[in-house]
Each structure stands twice: as structure tokens, then as C-alpha cells.
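# Notes for the structure review
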Amino acid sequence: MHYHSLKLLLKKIILIDGISRTGKLLTGSLVSSFKNSEHLEFGTNFEHFCPGIYFKKIDKHYAKSYITNYLNELIYNKYLSRNVNFRPTDRTGVPNSISLNTYKKRLKAKEGDGIVKLINKQNKQVPFITHDLLININALNELDINYQMIQIFRNPINLVMSWYKRGLGSRYGKDQRMFTLLINKKDNIYPWYDQISGINNNKNANELERCINYVYYLTKKSIVNYKNLNSRYKKKIFISTYESIVGNTLEELKKISKFLNLKITNSTLKFIKKEKCPKQLDKDKLEQNRKYIKLKVKKIFYDRIISLENEFNNKIYNILK
């Protein structure tokens, strides 16, 4: 039996992807200010279904049918402001959108076929914030969904310290506010990507060392997967960095808007100012982070993250020619 997939109401989706703490929400907020863009959403279903396909726990036809229904329902409900986030403190909250009044007006919209016609006519784009999809890009491509992806990298030293300060070396399997898919492995609990990336975070590693392992192997897996893609799929992915978005904001957004074929608006300029961008990157803080890591971890871990930083500084892992 094959599951049937209906036609997607969304002609294309935008995925803003990267490992944790790379600046995806900031980027998503800025992209949401582009013309003809809806406010950003979290793409948690992609994050859960792609590993399921990889591990052969979910039939890819079922996954495609589910994701198609999910996307159609999401955009239909968005046009009715149903299930829309109105929390002003959340980046995904529509009070932080350029279209707050539009979402308020939609509360009074009459549901029915007229909404479907309006969706088709307006052809809005929806940016989804996702984690680790490039690590599982082949499973994503099996869904055969028209997407464009903005893949964000970040200096590994600062990235490791950001993970460490957020407790991402110790929270998996303990914190019920961590919604990453988990696996059991040798009587221990790990995030799903431990299995696919070969991280093998053992009990002998301290919390900071585990953060180094996660950042190192997830980044390496992302790079390998990207380089192994054929040209058809590479064209779907725009490579950027946290440093470019924060330090050279408008120029980087111009490149992204050209890639997405969406225009920057006056609201984009206001959002840049609101985020206090561009920001001067703190080189002293970067050096302090290096020294702190060197002091707290075994030499093998320090050498590992320094080698990754050197690769990052070489044209972003030699991806940008």
C-alpha cells in the first residue's frame, strides 16, 4: 500500500537550517520581513520525520503524505490566524511580524474554498526554522518537496561555548524542555544524531568535551553531505554564517533575497536596526573562549575544535570558492 500525497498549496518552502546556536532565529526573523513572506515557523516535523526515514522506522511514502498534509493544513490555518502564535516575547510570535495587522484581520476571515483560492493567488513563502536537516539531507530529498535552504555555520569556538552555556552537553534525556528526538544506546540516552554522526559521547567526557564532540561531528557530517550532493540539490542551498549575518547584515541579506527571489522591504531595514545589526564581532571574546576551552578539556578535544576552526576560516570549510 502506498500513501497518497495531495498537491501542495505552498509552491515552495524556505528552510533556515543549521545545528543549534548558529543564529537561525535571527536569520528567520529577518527573512520574514521580505516581501511576500509569511512569519516564520518551527519545522519540527521535518526534524523528526527525516531521521525516521533514515533509520527505516517510517515509510517514506507515509512521511511525504504526512508532511504534505501538515504543510497544507499549516498554511490554510495561517490564513485564518488559527494556531498562530500571538506571544509578543517569542520570535515566532506575530507581534514580531511586519504583518501583525494582517494576522488580526484574518481572525475574522471566513473559512472554506475561498481561502484555498487566496493562498494559490498570493503564493506566499513560509520560512521554517529547522535543526540538523543537512545532516539528513538525503531523507529530506526523498520527500520530493520544493524547498530552498539557507544553511548557517558559525565559528566553532564560539559555537561550542554557546552550547556549553545552554547546557547542551548535559540536558539531553534529562530536561523535558529539550524536544530533540532521543535514542537509547548502551543504556545511555543520546540525541538521534549520535547514531548517524558517530559521535559516541562516552561517560568519561566532561560536559564541555561533549559539546565539542557534538559541534565537531555534526559540522563535519553537514560538510560531507553538502559536498556529496549533486549540482541539482546544491543549487537549492545557500551557505551563510552567523558572522556574515551579524557583522555584514544588509549585504548578506541582499544575497539571500536574490537567492530566494524575494525583495528586501523597508521593514527589513527596521528589523536590522531593531536587532542592532550590524554588530562588531568581539575578537577578544573569541580568544577568551579559546583559552577557556584549552584550560577545561583534554588536549585531544582542544586540538579537534581548533582544527575545525581552521577549516571554518578556510572559505567556510572550503565550500565558498
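Parameters and conventions
- Residues numbered from 1 in each chain as written.
- Predicted model: local features only at pLDDT ≥ 70, side-chain atom pairs only at ≥ 80, totals over all residues.
- Heavy atoms only, no water.
- Helix = DSSP H or I, 4+ residues; strand = E, 2+ residues; numbered from the N terminus.
- Buried < 20%, exposed > 50% of the residue type's maximum accessible area, 1.4 Å probe, protein only.
- Contact = heavy atoms within 4.5 Å.
- Areas by Shrake-Rupley, 256 points an atom, 1.4 Å probe, with all protein chains shown as cover.
- Lys, Arg positive; Asp, Glu negative; His and termini not counted.
- Charge placed at Lys NZ, Arg CZ, Asp CG, Glu CD.
- 1 Å grid on protein atoms, 1.4 Å probe; cavity = no way out; pocket = protein on both sides within 12 Å on 5 of 7 lines; lining within 4 Å.
- Points joined across faces, edges and corners; volume = space filled by probe spheres on them.
- Pairing = 2+ DSSP bridges.
- Axes fitted to C-alpha atoms, helices over the stretch in contact; angles between N-to-C directions.
- Polar contact = N/O pair within 3.5 Å; in protein donor to acceptor, adjacent residues only side chain to side chain.

### Quick look at the overall build of the protein
Summing up its helical and strand segments, the protein has 16 helices and seven strands in all. Sorting the 321 residues of the protein into buried and exposed places 54% on the buried side. Taking contacts inside the protein between residues at least 6 apart in sequence as the whole, the part at least 24 apart equals 75%. Split by element, the accessible area of the protein, about 16,700 Å² in all, is 49% carbon and sulfur. Each charge class in the protein was averaged separately, 59 positive and 27 negative side chains, and the resulting centres sit 5 Å apart.

### Points about the layout of surface pockets
When its volume is computed, the largest pocket comes out at roughly 980 Å³. In terms of lining residues, the largest pocket is bounded by 31 residues, among which Ser20, Leu25, Phe42, His131 and Arg166 are the most central. For the lining of the largest pocket, the elements supplying multiple residues, two or more each, are helix H1 (24-31), helix H2 (44-54), strand S3 (126-131) and helix H7 (156-165).

### Details of the pairing of strand S6 (residues 188-191)
Two elements, strand S5 (residues 182-185) and S6, share four bridges in a ladder whose sense is antiparallel. Directly across from Ile183, in S6, lies its bridge partner Tyr190.

### Considerations on the sheet that holds strand S2 (residues 41-42)
On the basis of which strands lie adjacent, the open sheet formed by five strands has the order S2-S3-S1-S4-S7 and parallel pairing. Looking along the sheet, the strands with just one partner apiece sit at the ends: S2 and strand S7 (237-241). Summarising the sheet, S2 and S3 pair through two bridges and their orientation is parallel. Bridge pairing in S3 places Glu41 opposite Phe128. Lying on the sheet, helix H12 (residues 249-260) is in contact with strand S1 (13-18), strand S4 (147-153) and S7; it crosses S7 at an angle near 170°.

### Looking at H7
For H7, the tally of buried residues reaches eight of ten residues, placing the bulk of the element in the interior. A distance of 2.9 Å separates the backbone nitrogen of Ile157 from a side-chain oxygen at the start of H7, and that oxygen is part of Asn155. Downstream of H7 by a residue or two, Gly167 has a phi angle that is positive, lying close to 75°.

### Here's the deal with the side chain of Asn158
Take Asn158: it is sitting in helix H7. Residue Asn158 is classed as buried on the basis of its relative accessible area of 19%. Polar side-chain contacts of Asn158 include one of 2.8 Å to the side chain of Asn289. When sequence neighbours within four positions are dropped, the list of residues in contact with Asn158 reads Leu286 and Asn289.

### Focus on the environment of Lys24
If you trace the backbone, Lys24 turns up in helix H1. The buried category is assigned to Lys24, whose relative accessible area is 4%. Not counting the four nearest positions on each side in its chain, Lys24 is found in contact with Ile16, Asp17, Gly18, Ile19, Ile129, Thr130, His131 and Ile152. A distance of 3.5 Å separates polar atoms of two side chains, one belonging to Lys24 and the other to Thr22.

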